[in-house]
Amino acid sequence: MGQNLKIAGWVSLGVLAGALTTVSLQTVARGTLAPLPLEELQQLASVFGMIKSNYVEPVDDKKLITDAIAGMVSSLDPHSVYLDKKSLKEFNEGTTGKFVGVGIEITQEDGLIKVVSPIEGSPAYRAGLKPNDLITRIDDTAVKGLTLNESVKRMRGEPNTKVVLTIFRKGDNRTFPVTIVREEIRTQSVRAKLIEPGYAWVRLSQFQERTVDDFVRKIDEIYKQEPQLKGLVLDLRNDPGGYLDAAVAVSAAFLPENVTVVSANGQLAESKFTYKASPEFYQRRGGPDALKRLPAAIKKVPLVVLVNEGSASASEIVAGALQDHKRAMVLGNQTFGKGSVQTAVCLDSAFRMDNCPTAALKLTTSRYYTPSGRSIQAKGIVPDVMVDETEEGNLFASLRTREADLEKHLASGQGEEKKDEAREKAREEARKRLEEESKKPLADRRLPEYGSDKDFQLAQAINQLKGRPVMVSKTMLERADEKKEN
């Protein structure tokens with residue numbers, strides 16, 4: 001068997017070496033990497049051969065290779081991922097704001113799936129799923145050991161089909177099943193209304209393909225209702241991000257033409273770029289400039305931006321740009337800190353991502369910087385005024401996951417990060433409060449809906465616009481950077 005294993009190993013090495021020669025030549029030609037290491041490739045081939053000949057049952061060659069690729073990519077940081085054909089379809093669906101599933105934003109924690117937040121109005125939202133719920137099983141399959149993509153695949157499916165999620169709720173210290181009927185999820189990325197005469201609220205829940213058009217339409221509707229608008233609140237709380245060009249367009253709606261919105265820096269020349277408040281940086285494939293339909297007054301209207309620890313990526317770009325250019329006052333909680341750029345590339349170079357027939361790689365290639373040069377990564381945007389979520393305080397914000405909490409997160413690149421021990425203490429106190437809250441009736445436990453008359457942070461934003469006193473947080477401080485262990 002040893003001889004067979006040796007032969008299998010060398011054959012595998014030949015296959016791998018042949019397949020990777022092109023990659024090696026490409027990387028050397030681009031001047032960014034040394035030639036691929038043959039000794040390590042031989043080890044990889046030996047493992048491949050050993051599994052093929054020794055494993056308890058036959059294993060498909062393609063599965064072994066794709067799993068090896070997926071593992072290699074996922075070891076880099078939380079946002080780099082290998083997309084097989086099905087994952088690619090789901091990835092493209094997510095950016096359009098339309099897909100079939102249960103309607104939750106998720107991440108991984110200790111090998112389980114953690115609910116970041118249910119999408120408003122989705123089946124998961126109606127079923128009562130909450131932020132920080134842990135999904136331990138999807139139907140009869142244990143989540144432990146599944147990748148994030150594999151878990152997403154199992155939760156998605158055909159419309160009107162059922163999926164049973166087993167939930168562990170830390171606050172209640174109990175596990176229970178929830179049956180959810182899948183449906184097409186259409187996330188409404190823009191909502192808006194007049195709060196009172198002269199003052200309006202616009203909420204962006206995600207930056208999608210149609211966000212800019214929806215944003216322009218909502219602003220136009222507001223100005224038709226209130227031509228003499230005195231102040232506007234741009235609400236980016238719990239906005240996880242999305243399309244960069246949509247974020248640049250929303251920023252450009254309020255900023256002078258051609259000022260810098262965001263820059264990025266990475267290894268390759270194409271990973272270094274600067275986006276400005278100009279149509280050439282946000283128009284899609286030469287389409288019309290939607291911002292030309294906006295009222296001219298939008299450039300001068302007093303503006304407050306609301307953010308919290310759920311504001312990430314594209315929403316942090318908008319908040320940072322408007323803050324750096326002194327165009328808006330930023331209120332709320334320090335943001336998530338997802339300041340890295342992911343470039344999605346079809347592995348068949350003859351195709352674009354939106355028409356990729358095989359598989360793709362979503363790889364972190366740059367860090368984002370605000371116009372003044374601040375790195376967003378693992379730090380986030382610090383509000384001009386810290387405001388708690390409720391009048392009683394910032395009860396549960398410390399329980400939210402941030403970029404700096406994610407395993408293998410990318411450091412900011414601007415000095416060492418230091419561990420924030422106070423945050424762990426705050427988290428423990430928040431967990432105890434959550435246990436007490438869980439004993440109350442459900443209606444009394446939920447934070448007020450964004451945009452409602454009980455939305456404390458929105459009320460403080462309106463006070464800021466009116467020049468009235470704002471109830472500033474007495475407990476929140478700028479987060480200390482956390483040390484990145486190598």
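### Brief notes about the environment of Asp-84
Consideration 1: Positionally, Asp-84 belongs in the loop between strand S1 (81-83) and helix H4 (85-96).
Consideration 2: Taking C-alpha positions, Asp-84 is 6.9 Å from Thr-358, a pair spaced 274 residues apart along the chain.
Consideration 3: Those residues in contact with Asp-84 that sit more than four places away from it in its chain are Lys-153, Thr-358 and Ala-359.
Consideration 4: Looking at Asp-84, its side chain comes within polar contact range of the side chain of Lys-153, at 2.6 Å.

### Considerations on the nonpolar core
Consideration 1: Core analysis: the biggest nonpolar cluster contains 52 residues, and Phe-215, Leu-232, Leu-234 and Phe-254 have the highest contact counts within it.
Consideration 2: A per-element tally of this core places helix H8 (residues 244-254) first, with 9 residues.
Consideration 3: Of all hydrophobic cores here, the second largest spans 18 residues; its members include Val-115, Ile-135, Met-155 and Val-178.

### Considerations on the pairing of strand S13 (residues 260-266)
Consideration 1: Taking burial as the measure, the 7 residues of S13 include 5 buried ones, the bulk of the element.
Consideration 2: In this sheet, strand S14 (residues 273-276) lies alongside S13 in antiparallel orientation, the contact comprising 4 bridges. Within the sheet, the bridge partner assigned to Ala-264 lies in S14 and is Phe-273.
Consideration 3: Between S13 and the antiparallel strand that follows it, S14, lie 6 residues.
Consideration 4: As paired elements, S13 and strand S18 (residues 360-369) share 4 bridges and run antiparallel to each other. Residue Ala-264 lies in a different strand from S18, and its bridge partner there is Tyr-368.

### Quick look at unusual backbone geometry
Consideration 1: Positive phi, close to 55°, is recorded for Asp-139, a residue that is not glycine.
Consideration 2: Inspection of the secondary structure assignment puts Asp-139 in the loop between strand S5 (134-138) and strand S6 (141-142).
Consideration 3: The partly exposed category is assigned to Asp-139, whose relative accessible area is 35%.
Consideration 4: You will see that Asn-160, though not glycine, has its phi angle at about 70°, which is positive.
Consideration 5: Tracing the chain through its elements places Asn-160 in the loop between helix H6 (148-155) and strand S7 (162-169).
Consideration 6: Judged by relative accessible area, Asn-160 falls into the exposed class, the value being 67%.

### Notes on helix H3 (residues 61-74)
Consideration 1: Between the first and last C-alpha of H3 there are 20 Å, a value that for 14 residues agrees with the 20 Å anticipated at 1.5 Å per step.
Consideration 2: At the N-terminal boundary of H3, the capping side chain belongs to Asp-60, with an oxygen 3.1 Å from the backbone nitrogen of Lys-62.

### Description of the state of the cysteines
Consideration 1: Considering all chains together, one arrives at 1 disulfide under this definition.
Consideration 2: In this model Cys-346 forms its disulfide with Cys-356; the gap between the sulfur atoms is 2.1 Å. Between Cys-346 and Cys-356, the S-S torsion sits near 75°, and that sign places the bridge as right-handed. On the criterion of sequence distance, the pair formed by Cys-346 in strand S17 (residues 340-346) and Cys-356 in the loop between S17 and S18 is long-range, its members being 10 residues apart.
Consideration 3: The class of Cys-346 is buried, set by a relative accessible area of 7%.
Consideration 4: Taking relative accessible area as the criterion, Cys-356 reaches 13% and is therefore assigned buried.

Rules of the game
Residues numbered from 1 in each chain as written. Predicted model: local features only at pLDDT ≥ 70, side-chain atom pairs only at ≥ 80, totals over all residues. Heavy atoms only, no water. Helix = DSSP H or I, 4+ residues; strand = E, 2+ residues; numbered from the N terminus. Contact = heavy atoms within 4.5 Å. Polar contact = N/O pair within 3.5 Å; in protein donor to acceptor, adjacent residues only side chain to side chain. Core = buried A, V, L, I, M, F, W, Y, C linked by side-chain atoms within 4.5 Å. Buried < 20%, exposed > 50% of the residue type's maximum accessible area, 1.4 Å probe, protein only. Pairing = 2+ DSSP bridges. Expected span 1.5 Å × (residues − 1). Disulfide = S-S within 2.5 Å.

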